[in-house]
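# Residue-level structural notes
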Amino acid sequence: MLRFLPALTLLAMLGPVAAGLWGTALPAFGHLPAASLTGPSLDPFRNLFGWAGLGAAVRLSVMSGLIATSVSLAIVVFITASWSRTRSFSVLERMLSPLLSVPHAAAAFGLAFLIAPSGWVARLLSPALTGWDRPPDLLIVQDPLGLAMIAGLVVKEVPFLMLMTIAAMGQAQPRRSLLVAQALGYGRLTGWLKTVFPRVYTQIRLPVYVVIAYSMSIVDVAVILGPSTPPTLSVQIVKWMSDPDLSMRLTGAAAALLQLALVIGALGLWWCGERIVARLGHRWIMSGGRGKFDTPIRAFSLGLGSISAFTILFGLAGLAVWSFAAFWSFPNVLPDSFTLRTWGRHGPDAIATLGETFLVAGIAVLLALALVLGCLEAEHRSGRGLTRRGLWLLYLPLLVPQTAFLPGLQTLLLNLGADVGRLPVIFAHLVFVLPYVFLSLGDPWRSWDIRYATVASALGARPSTVFWQVRVPMLLRPILTATSVGIAVSVGQYLATLLIGGGRVSTLTTEAVALASGGDRRAIGVYGLMQTLAALVPFTLALIIPTILWRNRRGLHE
Amino acid sequence: MKHIVLIAALVAPTFTLANPDPSDWDAVTAEANGQTVYWNAWGGSTTTNDFLAWVGDRVLEDYGVVLEHVKLTDTADAVTRVLSEKQAGEDDDGAIDMIWINGSNFAAMKDADLLFGPYAEQLPNWAVVDVEGKTVQTDFTVPIEGYESPWAMAQVVFVQNTATMPDELGSMEELLEWAQANPGRFSYPQPPDFLGTTFLKQALVDILEDLSVLQTPATDENYSEVTAPLWAYLDALTPHLWRMGRAYPATGTAMFPLIADGELDLSISFSPGAASTAITNFELPDTVRTFVLDKGTIGNASFVAIPYNSGSAAGAMVVANFLMSPEAQARAQDPNILGYGTVLNMDALSADEREAFDALELGVATLSPVELGSVQAEPHPSWMTRIADDWAERYGTGQ
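Residues numbered from 1 in each chain as written. Chains lettered and ligands numbered in written order. Predicted model: local features only at pLDDT ≥ 70, side-chain atom pairs only at ≥ 80, totals over all residues. Heavy atoms only, no water.

Per an unreviewed UniProt entry, the recorded name for chain B is Putative ABC-transporter substrate-binding protein, and the organism is Octadecabacter arcticus 238.

Stated formally: UniProt positions are given in the numbering used here, feature names are shortened, and annotations may be inferred rather than shown by experiment.
Naming follows an unreviewed UniProt entry, where chain A appears as ABC transporter permease protein of Octadecabacter arcticus 238. Looking at the Sequence similarities (unreviewed entry) heading of the UniProt record, one finds this comment for chain A: "Belongs to the binding-protein-dependent transport system permease family." Annotation of chain A in UniProt includes, under Subcellular location (unreviewed entry), the sentence "Cell membrane".

The following block contains the structure:
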């Protein structure tokens, strides 16, 4: 049984992606029997290229992906370079980890509440400093360049890349290199960049690629913060896919393939950029400069990192205040009065939706845990580790843009007669949950000292006894962390729930994004907050449970 | 009688399940008992969601029908869903049992034979519907022929904050002049949002001298000429819109917070009572009032339709019928609840039933039926489709 688990895991992850791409490719070339259209034909692409907004939509997707990734990576690298092993760094680290689990949509709502012309920042400064007694007519949210959307992506990707970097540092052994560099007179930042960064980047390369693909194709953040005249390509794909005119689906499918090509192209571009940076970096290292600008960059990076963390925190606080607000107009910093009315109206529904959200997340994460633990145990027993190719396969579902394969998957599921509703949604979530659970559990699992197993075996324990009674209890903390990561991933899924669930499955995320179009900030506050709690509470439990459970075995988790 | 129906239902379940006969109401209610109806309806408005939840409680109580509100961001999603189901051969129990629908979505579904029916005019409560005075038998000029049933009347009103904009406007021309004098204080939802396209229609209807051409489908020959004044009007208006027309609110209700914050002085709504309701919910300041244009404004009805592949058509008909009941209609018209216009003929109601309507306080910002004035007819959907496409081309992609 255990032998088949790796194959089964791959199937669960890649099967839906492959099937979805097939389901997208057919209509993209004019084959959609439902609309009595049989291909092959190039008309869908002709229509796509005839759309006046295509240039801007493509530019938006590519630019937001590349810029958001560059900025997030720069912030993370400079912070790590100049602050790792300091107290500020551990404070930041502790703040960033829970922020990772804040759903994208909630963070985007929070950001919008902050930076809009009538947002909290403007309210704090008005009218005393700005002289505004009415919000200025400024295009901040939904700006044509997508800057607000990029900011929304950055504040969410910084925690992700940060944690990936911290994990990578464990293997890069930066301390000795840094000591040598500093002994040679290099500044902390320059020394880190020259001696540690190349090794760390090799480790976080795939996560960086994921951030590129994700930022280019995300729908919920783009709907909330991105421009609409035209929107990003991914948002437009979802619009075409839901047009009552069936032939629009063909255009949407063609656009989905274009989106895929764009992501591949952007990844290629980034790959070329890596080469260039490597060459320039090499020259820079050889030049022997000890780092003149270390001090300002250190301060600047810490500033940016803190802003990105505080943006999420204040954004969430904004959601909370709105959810309790009675009448609240500009430029008042706080509402006229507070009321429980909004919670009274939405609380019961939100709690019912929370149940559904946890049901979907719970089953998906349990399946993922079973598969991942099985794979890791199979890996351990057979002695064959995850190859480089295996790692790529693991990342593949995260690299293929969601908008490229989920619409096709929806069509295929229907063709198969698969019952719409919860079950397909759970399997669609599994596609995204699996890689993250695998990634967050893999390293701690492998770094477990196998001499414990040897000792246990010597005492007569069978492999399964070793697994259940020694390894799992000892690795309880990473297992629970992986569980909470998986739940956060599932809670945050928008497109997979919307398209595969056919509207019958509503989670906190789909409800919140649906409310976004209505602009009721109080209701959005309730759902955004619930969404955040749904992701954060498991995370907190993962920290607390092992401490309580093993309170008299503290050495077990050190 | 009931026993016979039950026995018939048991003996020939496949027949009755596949095709409940709307004229045999006892059979319909018997079959509906225990069914779950997935009603796909726009979910962006809290007040509407609350009303739908109440409808759910009531039909469960009276008929044992479980109503689930599937909240949509766009009604077209539901249309697409039914289309994909047809494509996949899911003809018996689709995901959707009922859709809040009108206009081009209805025309598209009727055209593609995706609807169950005809059923509307066989429902018991059809007897009290105002067939003469309200547009309940055509939907954007398309004959309904019983494939959808009405549940609310809507009419365009302009929503103004009198604290910052004291005067009413009488025409689209005056709106343009006012916008030029007060740049950045007006906007409309981005088409193809239904309220956004309605604003375009309202502009066209107000500008045009001869409206008869809009009652027939647009043709390649007359389209450019008829709509030319509209584009000239929008070219003049757009630079003076909120954000200079480079961004638009997503929907009508999304404009409420903009008014509350003072970003906008003026917006548009398709529900005469929505502003009053929003005031009671803290979403609008109490200085907000509504007005209509001198020549009147566009009005239409909201309908529900049942997809051809609904597995709970009987339950859906029970809900559709309940929506047309005096009880539901009076509640929908209450501005503290929803503030929607009724589709019923007051003269056809009993004195008790009428009393519920007369007792309603319409709210500070709601115009009385007399003040609402004359209703202008919706143009044929083909106009809207073309205008929405053209709008996207001209203003929706240029940034």
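So that's the structure; there's more coming.
### Let's talk about the side chain of threonine 9 of chain A
Defined as follows: Here a helix means four or more residues in a row that DSSP labels H or I, a strand means two or more in a row labelled E, and each is numbered from the N terminus. In this description, contact between two residues means that some pair of their heavy atoms is separated by no more than 4.5 Å.
By secondary structure assignment, the location of threonine 9 of chain A is in helix α1 (residues 5-28). Leave out the neighbours within four places in its chain, and threonine 9 of chain A touches Leu371, Cys375 and Leu434 of chain A.

### Observations regarding the environment of valine 425 of chain A
Within the secondary structure layout, valine 425 of chain A lies in helix α18 (residues 422-446). A sequence separation of 61 residues divides valine 425 of chain A from alanine 364 of chain A, and the C-alpha atoms of the two residues are 9.1 Å apart.

### Observations regarding a negative patch on the surface
Residues and elements named next belong to chain B. The line we're drawing: Like charges are joined within 9 Å and nonpolar side chains (Val, Leu, Ile, Met, Phe, Trp, Tyr) within 5 Å, but only among residues with over 30% relative accessible area and no salt bridge; these make up the patches. All accessible-area figures derive from a Shrake-Rupley calculation using a 1.4 Å probe, and residue coverage is judged against the displayed protein chains alone. Put simply, a salt bridge is a Lys or Arg side-chain nitrogen that is within 4 Å of an Asp or Glu carboxyl oxygen. Counted as positive: Lys and Arg. Counted as negative: Asp and Glu, with His and the chain ends omitted from the count. Taken as the charge centre is NZ of Lys, CZ of Arg, CG of Asp or CD of Glu, depending on the residue. Using a 1.4 Å probe on the protein chains alone, a residue whose accessible area is under 20% of its type maximum counts as buried, one over 50% counts as exposed, and one in between counts as partly exposed.
Taken together, Glu173, Glu174, Glu177 and Asp294 make up a surface patch of like negative charges. By the secondary structure assignment, aspartate 294 is in the loop between β9 (288-291) and β10 (297-305). Residue aspartate 294 is classed as exposed on the basis of its relative accessible area of 65%.

### Here we look at helix α3 (residues 54-83) of chain A
Residue and element names in this part refer to chain A. Note the following rule: To estimate the expected span of a helix, subtract one from its residue number and multiply by 1.5 Å.
Helix length check: α3, at 30 residues, gives a terminal C-alpha distance of 43 Å against a target of 44 Å (1.5 Å per residue), a fit within 8%. The element α3 is extensively covered by neighbouring structure, given that 22 of its 30 residues are classed as buried. Of the residues one or two after α3, arginine 85 is the one with positive phi, at around 65 degrees.

### Topic: the packing of aromatic side chains
The criterion, for reference: Stacked, tilted and edge-to-face are the three classes assigned to paired rings of Phe, Tyr and Trp, where Trp is represented by its six-membered ring and a pair needs centres within 6.5 Å; plane angles under 30 degrees give stacked, over 60 edge-to-face, the rest tilted. Here, a charge over a ring means that NZ of Lys or CZ of Arg falls within 6 Å of the ring centre while also lying within 35 degrees of the ring normal.
As enumerated under the stated definition, the model contains 34 aromatic pairs over all chains in all. Centroid distance phenylalanine 310 of chain A to phenylalanine 314 of chain A: 6.1 Å. Interplanar angle 35 degrees. Geometry classified as tilted. In this pair, phenylalanine 310 of chain A and phenylalanine 314 of chain A are both assigned in helix α14 (residues 294-323), 4 residues apart and thus about one turn of the helix distant. By relative accessible area, which is 47% here, phenylalanine 314 of chain A ends up partly exposed. Of the aromatic side chains, those joined through ring pairs into one cluster are Trp39, Phe51, Trp54, Trp100, Trp151, Phe322 and Tyr340 of chain B. Its guanidinium or amino end placed over the ring of tryptophan 83 of chain A, arginine 298 of chain A lies 4.3 Å from that ring's centre, counting from NZ or CZ. The ring centre of tyrosine 308 of chain B lies 5.8 Å from the NZ or CZ of lysine 86 of chain B, which sits over that ring.

### Overview of the nonpolar core
Selection criterion: Grouping buried Ala, Val, Leu, Ile, Met, Phe, Trp, Tyr and Cys residues that are joined through side-chain atoms within 4.5 Å yields what is termed a nonpolar core.
Counting residues in each nonpolar core, the largest one holds 170 residues, and the members touching the most others are Trp192, Ile212, Leu225, Leu233 and Leu406 of chain A. Counting 68 residues, the second-largest nonpolar core is a separate cluster that includes Leu115, Val136, Ile144 and Leu344 of chain B.

### Looking at the interface of chain B and chain A
Heads up, the condition is: What counts as buried area is the accessible surface, traced by a 1.4 Å probe, that two parts surrender upon association, with contributions from both included. Amino acid classes used here: Ala, Val, Leu, Ile, Met, Phe, Trp, Tyr, Cys and Pro are nonpolar; Asp, Glu, Lys and Arg are charged; the rest, including Gly, are polar.
Contact residues are listed per partner, giving 59 residues for chain B and 57 residues for chain A. For the pairing of chain B and chain A, the buried interface totals around 4900 Å² over both sides, and the portion due to carbon and sulfur atoms is 50%. On the surface where chain B and chain A come into contact, there are 6 salt bridges. Those elements that place two or more of their residues in the side of chain B that touches chain A are β1 (36-42), α4 (46-63), β2 (66-72), α5 (75-87), α6 (104-111), α10 (255-260) and α16 (381-396) of chain B. The element best represented in the side of chain B that touches chain A is α5 of chain B, accounting for 9 residues. Of the residues contributing to the side of chain B that touches chain A, the split by class is 24 nonpolar, 22 polar and 13 charged.

### Points about the sheet that holds strand β8 (residues 266-269) of chain B
Residue and element names in this part refer to chain B. Here is the rule: At least two DSSP bridges between two strands are needed for those strands to be called paired. Inter-axis angles, ranging from 0 to 180 degrees, are taken between N-to-C directions of lines fitted to C-alpha atoms, where helices are fitted over the stretch in contact.
Strand order across the open sheet formed by 3 strands is β8-β7-β9, with antiparallel pairing between neighbours. Every other strand in the sheet has two partners, leaving β8 and β9 as the edge strands with one partner each. Within this sheet the neighbouring strands show an average axis-to-axis angle of 30 degrees, counted without direction. Relative to β8, strand β7 (residues 157-161) runs antiparallel, the two sharing 4 bridges. Considered in β8, the bridge of valine 159 is made with serine 267.

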